[in-house]
Amino acid sequence: MAAEGDVDLDLEAEENCTGKPVEKPRKHDSGAADLERVTDYAEEKEISSSDLETAMSVIGDRRSREQKAKQERERELAKVTIKREDVELIMSEMEISRGVAERSLREHMGNVVEALVALTN
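As recorded in an unreviewed UniProt entry, the protein chain goes by Huntingtin interacting protein K and comes from Gadus morhua.

Here it is in structure tokens:
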């Protein structure tokens, strides 16, 4: 166990001859200055509400176009007729679910060979 006198010696070691505490070197001051410069730059940059509204409308339009194209593609695929035997063949050979097998067949217009080749690649 440390004696009470040992603690006093440690405190005296941290003071220099003038009785003032020794100033420790600052390692992270440059990082704080860099961070301040970055935040100053970000604060100077302003976004106008009209630019924001324009960007949001462009994003919304793009999403709606993509959604419509996806729905149209699904309608086209639903029109393709496929044979039950073909679906079962793909399911047994590839060990995949019925939905995946049907989707692959529909994407390849009912062609079993093309569907199998696409699933193996």
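That covers the picture; the talk isn't over yet.
### Focus on the packing of helix α4 (residues 84-94) against helix α6 (residues 112-120)
Packing of α4 against α6 brings their axes to within 11 Å, and their N-to-C directions diverge by 25°. In this view, α4 runs roughly parallel relative to α6, as classed from their interaxial angle. Both α4 and α6 take part in a crossing whose hand is right-handed. Every residue of α6 that contacts α4 at Asp 86, Leu 89, Ile 90 and Met 94 is listed here: Val 112, Ala 115, Leu 116, Leu 119 and Thr 120. Within the contact of α4 with α6, the residues separate by chemical class into seven nonpolar, one polar and one charged.

### Here's the deal with the pattern of salt bridges
Using the criterion set out here, one finds three salt bridges in the structure. Arg 103 is paired through a salt bridge with Glu 74; the nearest N and O atoms lie 2.5 Å apart. Taken together, the residues span a long stretch of sequence, with Arg 103 in helix α5 (residues 98-107) and Glu 74 in helix α3 (residues 49-79) at a distance of 29 residues. Between Glu 107 and Arg 103 there is a salt bridge, with its nearest N and O atoms 2.9 Å apart. With Glu 107 and Arg 103 both in helix α5 and four residues apart, the pair spans about one turn of that helix. A relative accessible area of 32% means that Arg 103 is categorised as partly exposed.

### Here's the deal with the packing of α4 against α5
Packing of α4 against α5 leaves a shortest axis separation of 9 Å and a crossing angle of 120°. Classed by the angle they form, the pair α4 and α5 counts as oblique. The element α4 and its partner α5 pack so that their crossing is right-handed. Residue-level inspection shows Asp 86, Val 87, Glu 88, Ile 90 and Met 91 of α4 in contact with α5, the latter providing Arg 98, Ala 101, Glu 102 and Leu 105. In terms of residue class, the contact of α4 with α5 is made up of five nonpolar, no polar and four charged.

Quick notes on the rules
- Residues numbered from 1 in each chain as written.
- Predicted model: local features only at pLDDT ≥ 70, side-chain atom pairs only at ≥ 80, totals over all residues.
- Heavy atoms only, no water.
- Axes fitted to C-alpha atoms, helices over the stretch in contact; angles between N-to-C directions.
- Helix = DSSP H or I, 4+ residues; strand = E, 2+ residues; numbered from the N terminus.
- Parallel < 35°, antiparallel > 145°, perpendicular 65-115°, else oblique.
- Left-handed = near helix turned anticlockwise from the far one by under 90°.
- Contact = heavy atoms within 4.5 Å.
- Nonpolar A, V, L, I, M, F, W, Y, C, P; charged D, E, K, R; others polar.
- Salt bridge = Lys/Arg side-chain N within 4 Å of Asp/Glu carboxyl O.
- Buried < 20%, exposed > 50% of the residue type's maximum accessible area, 1.4 Å probe, protein only.

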